[in-house]
Every structure is written in C-alpha cells, then in structure tokens.
Amino acid sequence: MTTLTFTPMTEDDFAVFWPTFQAIVAAQETYAIEPSISIEAARQLWLKAPKASVVAKDTSGQLLGAYYLKANAAGPGDHVCNCGYMVAPAARGKGVARAMCEHSQQQAQQLGFLAMQYNAVVATNEVAVALWQKLGFSIVGTVPNAFRHAQLGFVDTHVMYKVLPGH
C-alpha cells in the first residue's frame, strides 16, 4: 500500500476526479446516481453538499480516490453520518478504499458523529461488502431488488452500520 495524503477536495481536485466519478456512475454497478449526471450536478453532490469532501493522493500528488461525508439524516438523525467512496481505476486493489474508510471514520468522529451508515451497498459488490465488514460494519438490513445493475438486472442492496469508536 502506497503512502496516502488526505486533503479537503478543491475545485481543481474535482476536475481531476470527474472522469473517475463519471465512469463509476455510468457503469451502473455500484452507485444509484443518474448515469448521465452533469458535471455541475456531480460537483454539487460530491463537493458542495457534504460536510466534508476529501481526496486521497499518493506521494507524487496523483489523485487515487475521494470520499464525501455528510449527515445521513436531518434533525434528530444528524448524529449518524453517511459516506461515499470512489477509487480511481488504476488504484483499485491497493488499499485505497480501506485507507479512505479509516480516515473517514476519524473525520466523522472529529465532526461529532456517533455512527456511520451506508444506505445502499450493492450486494453484488462483494469486495466492498467484505471490506466494510472487515472494518466493523454490520449488515443491518437488506432491500430486495433495490438496485438495477447494468449487467445483472435487479439486485439487493444492504444497509450497513457501525457505531464509531468511543460511543
């Protein structure tokens, strides 16, 4: 695993990240985001709306991945956060998602969140499901046929949850 640095995402970072974002949502395998989303709408979703948007870069400054962190719900539910992670194709399988998940949990605690919830982990994304479980997340529910996978048709999604350390 390469050494990573984590910094808040900038507009310039988003421009570099955009092809990765676009390819992942266009594949329709892991994210329930409109495949034809505009760059402006994607920027709002990933960079502007969340409480934090972070990039992971290697020592040469190459962007390897990004995540957002936001409250999962408003008002009385705002103590639980939600995150989304995307890894650049060339960086997959190199520990970037694990490192981002670990970093996001630290960030979440610093922002006052007590737990983290993933609302719709596509069940056929077995690598992600296994990683989140290794990092302490539990499947607390499964929604049948909640995702329309580009190759597999309707597949289940999991709701995954973890109480953050110290709570």
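Numbering of residues starts from 1 in every chain and runs along the sequence as written. Predicted model: local features are reported for residues with pLDDT of at least 70 only, side-chain atom pairs are reported and counted for 80 or more only, and whole-chain, interface and lining totals are derived from all residues. Calculated side-chain values reflect all of the structure's heavy atoms, with hydrogen atoms and water omitted.

Draft legend 1. Summary view of the nonpolar core. Here, nonpolar core means buried Ala, Val, Leu, Ile, Met, Phe, Trp, Tyr and Cys residues that are tied together by side-chain atoms lying within 4.5 Å of each other. Here the term buried applies to any residue with accessible area under 20% of the maximum for its type, exposed to any over 50%, and partly exposed to those in between, with areas from a 1.4 Å probe on protein chains only. Counting 29 residues, the largest nonpolar core has Leu69, Tyr85, Met116, Tyr118, Trp132 and Phe137 as the members making the most contacts within it. Strands are runs of DSSP state E lasting at least two residues, helices are runs of H or I lasting at least four, and both sets are numbered from the N terminus onward. Listed by contribution, the elements that provide at least two residues to this core are strand S2 (52-57), strand S3 (63-71), strand S4 (80-87), helix H3 (96-110), strand S5 (115-122) and helix H4 (126-134). Element by element, the count of residues in this core is highest for H3, at 5 residues. In terms of nonpolar packing, the next biggest core, distinct from the first, is built from 18 residues, Phe14, Trp18, Phe21 and Tyr31 among them.

Draft legend 2. Representation of the pairing of S4 in the model. Extensive coverage of S4 is indicated by the burial of 8 of its 8 residues. Residues Val80, Asn82, Gly84 and Met86 of S4 are buried on one face, and the alternating residues Cys81, Cys83, Tyr85 and Val87, pointing to the opposite face, are buried as well. A pair of strands counts as paired when DSSP detects no fewer than two bridges linking them. As paired elements, S3 and S4 share 7 bridges and run antiparallel to each other. Across the sheet, the residue bridging to Lys70 is Asn82, located in S4. In the sheet, S4 pairs with S5 via 2 bridges, with the strands oriented parallel. For Val80, the partnering residue across the bridge sits in S5 and is Ala115. Handedness of a crossover: with both strands directed away from the viewer, a clockwise path from the first strand across the helix to the second marks it as right-handed. The parallel pair S4 and S5 is bridged by H3, and the resulting crossover is right-handed.

Draft legend 3. Highlighting H3. Expected helix span is taken as 1.5 Å per residue step, with the number of steps being one fewer than the number of residues. With 15 residues, H3 extends 21 Å from end C-alpha to end C-alpha; this agrees with the ideal 21 Å at 1.5 Å per step. Taken together, the buried positions of H3 are Val96, Ala99, Met100, Cys101, His103, Ser104, Gln105 and Ala108. Phi for Gly112, located one or two positions after H3, is positive at around 90°.

Draft legend 4. Molecular detail of the packing of H3 against H4. Fitted lines through C-alpha atoms serve as axes, helices being fitted only where they are in contact, and the angles separating the N-to-C directions of these axes extend from 0 to 180 degrees. Remark: H3 packs on H4, axes separated minimally by 11 Å, with the N-to-C direction vectors making an angle of 45°. Classified by the angle between their axes, H3 and H4 sit oblique to one another. Of the two possible hands of crossing, H3 and H4 adopt the one that is right-handed. Residue-level inspection shows Ala97, Arg98 and Cys101 of H3 in contact with H4, the latter providing Leu131, Trp132 and Lys134. For this classification, the nonpolar set comprises Ala, Val, Leu, Ile, Met, Phe, Trp, Tyr, Cys and Pro, the charged set comprises Asp, Glu, Lys and Arg, and every other residue, Gly included, is treated as polar. Grouping the amino acids of the contact of H3 with H4 by side-chain chemistry returns 4 nonpolar, no polar and 2 charged. We call two directions roughly parallel when the angle between them is under 35 degrees, roughly antiparallel when it is over 145, roughly perpendicular when it lies between 65 and 115, and oblique otherwise. Take the far helix as your reference; a near helix turned counterclockwise from it by less than a right angle gives a left-handed crossing, and one turned clockwise gives a right-handed crossing. Contacts are assigned to residue pairs with any non-hydrogen atoms lying within 4.5 Å of each other.

Draft legend 5. Here's a closer look at the pattern of salt bridges. Basic side-chain nitrogens of Lys or Arg form a salt bridge, by our definition, when they fall within 4 Å of a carboxyl oxygen of Asp or Glu. Within the structure shown, the criterion is met by 4 salt bridges. Residue Glu11 is joined to Lys48 by a salt bridge in which the shortest nitrogen-to-oxygen separation is 2.6 Å. One end of the pair, Glu11, is in helix H1 (residues 11-27); the other, Lys48, is in helix H2 (residues 39-48), and 37 residues separate them in sequence. Taking the relative accessible area as the measure of exposure, Glu11 reaches 36% and is therefore partly exposed. Looking at Lys48, the relative accessible area reads 47%, which means it is partly exposed. A salt bridge links Glu102 to Arg98, with the shortest nitrogen-to-oxygen separation between them at 3.6 Å. Of the two residues, Glu102 and Arg98 are both situated in helix H3; the distance of 4 residues between them amounts to about one turn of the helix. Beyond isolated ion pairs, a larger network of salt bridges with shared partners links Glu11, Arg43 and Lys48.

Draft legend 6. Broad picture of the packing of H1 against H2. Look at H1 against H2: their axes get within 11 Å of each other, and the N-to-C directions meet at 115°. One element, H1, and the other, H2, form an angle in the roughly perpendicular class. Every pair of crossing elements has a handedness; the one defined by H1 and H2 is right-handed. Counting all contacts with H1, which are made through Glu11, Phe14, Phe17, Trp18 and Phe21, the residues of H2 involved are Ile39, Ala42, Arg43, Leu45, Trp46, Leu47 and Lys48.

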